[in-house]
Amino acid sequence: MSEPLIYVLDMAVFVGIFAILAVSLNLEYGFTGLANFGKVAFFMVGAYTSSILANMGFPYLACITVATFAAGFVGFVASLPALKLQADYLAIVTLAFGEILRFIFKNEEWIAGGVQGITVPSAITITGVPIQTMMLIQLTIVYAALAICYFIAQRVVNSPYGRTIRAIREDELAAQVLGKDVFKYKAQMFTLGSAMAGVSGSLFSQYVRFIDPYTFEPILTFTVWMMVILGGPANNLGVILGAVFVQALERGARIAKDYLLLPVDPHNLRVMIIGILIILILMYRPQGLFRESKVKTPALEVASKWKKRS
Amino acid sequence: MVVVNWLQVLFNSAVTGSLYLLAAVGLTLTYGLTRFPNFAHAEFMALGAYAGYTIAEQLKLGFPYSFIAAFISSAALGAASYLLVFRPLTHRGATIIHLMVASIGLDFFVRHLIKQVWGGEQLSFRMVWPYFDVGPVRITGLWVALILSAIVMVGVMHIVLTRTRLGKAIRASANNPDLAMASGVDVEKIALVVWIVGAALAGVGGLFRAADTRLVPLIGWEILLPAFAVVILGGIGSFYGALIAAYVIGLAENFGVVFLVMFKLSTDYKFAIAFLILILTLILKPSGFGRLFGEGGKVV
Amino acid sequence: MEKTILKTENLTKSFGGLKAVDNVTLTVKENSITGLIGPNGSGKTTLFNTISGVYKPERGKIYFNGERIDGLAPYKIYEKGLARTFQTPRLFQKLTVLDNMMVSCRSHPGDKILNVFLKKRRWSEEEEKLAEKALEILEIIELDRFKDKPASELSGGQMKLLELGRVLMTEPKMLLLDEPAAGVNPTLARRIFEKITQLRDELSLTFFTIEHRIEILLEHADWVYVMHNGSIIAESPPEEVVKNKVVVDVYLGEA
């Protein structure tokens, strides 16, 4: 086993963690039209909850479960005032919410070490196995979680419910007069999206084994946004490929720095590239690489038979 | 028991309010005109501060020149942002969410470009300002300059907005772009002017903030939240609303800090005060103060 | 035809001091086609918005089937069986024509988040039935050919029809139609009203409809209200409207 393998495994784990975030943002933005600019907040709640519990000696299954519910709960509570607002207000409020939450973790050392951060004990300890095997185990867990999230998201969007949230995205008022309690749908999607972000945060903290407030800057939210708008909003497979692409790009920026000896700080270069790419995608391919997926329900089949009849 | 110099707190509120006003004027007018909150406004402040730093500290040309440098560099960035990013996006039918995300992308790009050019470490202005005491209140020359700048800006803006055709067109467009367009106003030209002037004022605000405290690449981002609070409390697109809101939030923050100290909480939480005001405004009266002046408060 | 289905009493709604709807009292009889006419800006659409819950009335009461509905949220009013269309069709542009129809299904078991996971079989069966029904309605309004097209690709007239079809999916008792025939050619406009009459008879629906094409409306309506400056200035059977001097002065005289 060689170092390139570790590199590939490492990247694969990150792709998985971010793909979960992308799927969760896709439920909120891609399908329901919610401008959640504070995705990182719920990721953060998941990561901190999971880390604190792991430090208290809880088994990993307990950590990730509680982290999921905690993030979902915070998402639900945050959504109550926020979702009554229009898209632009929602964006400002959620962005500020993430920053304030990060500030609380930074200032309140008793919660999780403040700026010093917190180390996370490994939940799975198998002595005497090589690092690659450990990474494979991590990888399996991450992709199992991704598979579950993907399944849930697909089930939601390919249903009458999924049709309604898309309708709300297209025209909220029209959905209302057609009898949809718009707020309920939005709150449910925001809660589900936040819970998934919690899953992702928990996996992330277990993998990197150390978190501090600087891990959760707004750039993380917008890396996920870029995955969604690049991959194709309202297409779950598309946004997962978006996650692959953005991760590859970020790694590429780092490699370029190492091998091309660019006189640019790699972090600056990475963020500048993300910034420019976001603008370019919105300008030249706002619909993303993949088109919105259809609402796949038995109605499609009924409709295809209808064609033959008439 | 903490002894509080209330007059000083009051004066500090005027300083903070003037800063927020400079920061928020452009934000509220561009929000009204182009109908999306421009998150990259933060970097208009940051660029002005860094350009001013270069002139004042690296070239040693003195504060008046750095003031001009902040004004011009941020104005140029404002023009470039509108002409190269937001106008083309609008022409391509970008949604409000697209525009907001793009403004975040621009924010990241500019901030890290600044970081690349000037470095990420904290810089400070070495310039020494005279100070004097009026009764119990300590006043520095920088604060006087800041408050005077805000007053001059308000005076000029008031005359322009009420006495000139350009100003009337700006107010009309910021309140209801569709109606203004229908009445023959070239909204895009007006928008360009507003983006330039708004960015320039933000640059000046950033410079004052940097000279008063310290200079880091996040300087603009840190003022963005209170600036948004000013915009929302003042009513989107409303200049006069922003004028009142800036000082209201200046007061709330400075008096809030006193209470934070009294209750032994970290004063770092003062920016949560602006957030609280923002949230309460949105829940209780989303049009803010704007309606008082028959403007602002976004047409739904 | 005798039972009252909708009644408003002293309904008032103003914007910045301007009374857009001023003390409006009216009744709509069950199974009727009741028309609402009046010059632009006379408050017709505002009246519809107030009845359907988009705006909250300032003053006055609204009864639907004997029940107070003023102040309720739009979706609550819809649940009671009062549906509406918009002057400019508000379709779900990116959704297909069929999906636009399907969104409107009333109390679909698959429209609840938990049922999506727990009762897939049940909602799938319901979904098939509702799809049949949607296609039948699409056939009536002659849009079944476009079922897989996004709504944004329809023509203006087709959009109007789809919006009508969409509210029919909701199994309403009564429909508020805001200019169902605006912006379509006269032949299609006539056909739309023929469909409305047909639907009224076949499905026992009640229609309350704003229309600028008075000549067509008068052919089909049972009763007509005339609105001017926010108030109802006249009401009568259609054939008498054109003879009413006040109406001719404020409205027909303009045309």
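In this report, we go over the structure that sits alongside the text. (Residues numbered from 1 in each chain as written. Chains lettered and ligands numbered in written order. Predicted model: local features only at pLDDT ≥ 70, side-chain atom pairs only at ≥ 80, totals over all residues. Heavy atoms only, no water.)

### With respect to the packing of helix 12 (residues 266-284) of chain A against helix 3 (residues 63-91) of chain B
Stage number 1. Between helix 12 of chain A and helix 3 of chain B, the least distance of the axes is 10 Å, while the angle of their chain directions is 30 degrees. Compared by their axis directions, helix 12 of chain A and helix 3 of chain B come out roughly parallel. In the crossing of helix 12 of chain A with helix 3 of chain B, the sense of the turn from one axis to the other is left-handed. Contact with helix 12 of chain A, carried on its side by Ile-279, Leu-282 and Met-283 of chain A, involves Leu-84, Val-85, Pro-88 and Leu-89 of chain B of helix 3 of chain B and no other residues of that element.
Stage number 2. For the contact of helix 12 of chain A with helix 3 of chain B, the residue count by class is seven nonpolar, no polar and no charged. (Axes fitted to C-alpha atoms, helices over the stretch in contact; angles between N-to-C directions. Helix = DSSP H or I, 4+ residues; strand = E, 2+ residues; numbered from the N terminus. Parallel < 35°, antiparallel > 145°, perpendicular 65-115°, else oblique. Left-handed = near helix turned anticlockwise from the far one by under 90°. Contact = heavy atoms within 4.5 Å. Nonpolar A, V, L, I, M, F, W, Y, C, P; charged D, E, K, R; others polar.)

### Points about unusual backbone geometry
Residue and element names in this part refer to chain C.
Stage number 1. In this structure, Asn-31 is a non-glycine residue whose phi angle is positive, near 65 degrees.
Stage number 2. Within the secondary structure, Asn-31 sits in the loop between strand 2 (18-29) and strand 3 (33-37).
Stage number 3. If you check the backbone angles, Asn-229 has positive phi at about 45 degrees while not being a glycine.
Stage number 4. Secondary-structure assignment places Asn-229 in the loop between strand 9 (223-228) and strand 10 (231-236).

### Brief notes about the pattern of salt bridges
Stage number 1. For the coordinates displayed, the defined rule picks out 31 salt bridges over all chains.
Stage number 2. We note a salt bridge from Arg-163 of chain A to Asp-99 of chain C, for which the minimum N-O separation is 2.8 Å. Placement of the pair is Arg-163 of chain A in helix 7 (residues 160-170) and Asp-99 of chain C in helix 3 (residues 97-103), with the two residues belonging to separate chains.
Stage number 3. Of the charged contacts, one joins Arg-200 of chain C and Asp-222 of chain C as a salt bridge, the two residues approaching to 2.9 Å between their closest N and O atoms. (Salt bridge = Lys/Arg side-chain N within 4 Å of Asp/Glu carboxyl O.)

### So, the interface of chain A and chain C
Stage number 1. Chain A puts 36 residues into the contact, and the matching count from chain C is 42 residues.
Stage number 2. Summing both sides of the interface, chain A and chain C together bury roughly 3,500 Å²; the carbon and sulfur share of this comes to 68%.
Stage number 3. Remark: the boundary between chain A and chain C carries four salt bridges.
Stage number 4. Our enumeration of links across chain A and chain C arrives at 16 residue pairs in polar contact (both at pLDDT 80 or more).
Stage number 5. Elements with a minimum of two residues in the side of chain A that touches chain C: helix 6 (131-157), helix 7, helix 8 (172-177), helix 9 (182-208) and helix 13 (298-309) of chain A.
Stage number 6. A per-element tally of the side of chain A that touches chain C places helix 7 of chain A first, with eight residues.
Stage number 7. For the side of chain A that touches chain C, the class distribution of residues is 18 nonpolar, seven polar and 11 charged. (Buried area = accessible area lost by both parts, 1.4 Å probe. Polar contact = N/O pair within 3.5 Å; in protein donor to acceptor, adjacent residues only side chain to side chain.)

### Remarks on the side chain of Lys-13 of chain C
All names here are of chain C.
Stage number 1. Along the polypeptide, Lys-13 turns up in strand 1 (residues 4-15).
Stage number 2. Of the side chains with opposite charge, Glu-58 lies nearest to the buried Lys-13, which makes no salt bridge, at 4.7 Å.
Stage number 3. Of the polar contacts made by the side chain of Lys-13, one reaches the backbone oxygen of Lys-56; its length is 3.4 Å.
Stage number 4. Setting aside anything within four residues of it in sequence, one finds Lys-13 in contact with Leu-18, Lys-19, Ala-20, Val-21, Thr-46, Thr-50, Tyr-55, Lys-56 and Glu-58. (Buried < 20%, exposed > 50% of the residue type's maximum accessible area, 1.4 Å probe, protein only. Lys, Arg positive; Asp, Glu negative; His and termini not counted.)

### Topic: the environment of Tyr-225 of chain C
Residue and element names in this part refer to chain C.
Stage number 1. Relative to the helices and strands, Tyr-225 resides in strand 9.
Stage number 2. Accessibility expressed as a relative area gives 1% for Tyr-225, which makes it buried.
Stage number 3. Between the C-alpha atoms of Tyr-225 and Ser-236, which are 11 residues apart in sequence, the distance is 6.8 Å.
Stage number 4. Those residues in contact with Tyr-225 that sit more than four places away from it in its chain are Leu-26, Thr-27, Thr-34, Gly-35, Leu-36, Ile-37, Phe-208, Ile-232, Ala-234 and Glu-235.
Stage number 5. Among the polar contacts listed, one links the side chain of Tyr-225 to the side chain of Glu-235, at a separation of 3.3 Å.

### As for the sheet that holds strand 7 (residues 174-178) of chain C
All names here are of chain C.
Stage number 1. Pairing in this open sheet of six strands is mixed, and the strands run 6-7-8-3-9-10 from one edge to the other. Unpaired on one side and paired on the other, strand 6 (82-84) and strand 10 mark the two borders of the sheet. Between one strand and the next, the sheet's axes are offset by a mean angle of 20 degrees, whatever the strand orientation.
Stage number 2. In the packing of helix 1 (residues 44-51) onto the sheet, the strands contacted are strand 3, strand 6, strand 7, strand 8 (206-210) and strand 9, and the crossing angle to strand 8 comes to about 140 degrees.
Stage number 3. Lying on the sheet, helix 6 (residues 156-168) is in contact with strand 6 and strand 7; it crosses strand 7 at an angle near 160 degrees. (Pairing = 2+ DSSP bridges.)

### Comments concerning a positive patch on the surface
Stage number 1. Taken together, the side chains of Lys-184 of chain A together with Lys-112, Lys-119 and Arg-122 of chain C make up a positively charged region of the molecular surface.
Stage number 2. With respect to the secondary-structure elements, Lys-112 of chain C resides in the loop between helix 3 and helix 4 (113-118). (Patch = residues over 30% accessible without salt bridge, like charges linked within 9 Å, V, L, I, M, F, W, Y side chains within 5 Å. Areas by Shrake-Rupley, 256 points an atom, 1.4 Å probe, with all protein chains shown as cover. Charge placed at Lys NZ, Arg CZ, Asp CG, Glu CD.)

### Thoughts on the packing of aromatic side chains
Stage number 1. Enumeration over the complete set of coordinates arrives at 30 aromatic pairs over all chains.
Stage number 2. Ring geometry for Tyr-50 of chain B versus Trp-118 of chain B: centroids 5.1 Å apart, planes at 35 degrees, classification tilted. Taken together, the residues Tyr-50 of chain B in helix 2 (residues 41-58) and Trp-118 of chain B in helix 4 (residues 96-118) connect sequence positions 68 residues apart.
Stage number 3. Given a relative accessible area of 0%, Tyr-50 of chain B falls into the buried group.
Stage number 4. Site record: aromatic cluster; members linked through ring pairs are Phe-14, Phe-43, Tyr-48, Phe-105, Phe-204, Tyr-207 and Phe-216 of chain A.
Stage number 5. Positioned above the aromatic ring of Trp-221 of chain B, the side-chain terminus of Arg-111 of chain B is 4.9 Å from the ring centre. (Phe/Tyr/Trp six-rings, centres within 6.5 Å; stacked < 30°, edge-to-face > 60°. Lys NZ or Arg CZ within 6 Å of the ring centre and 35° of its normal.)

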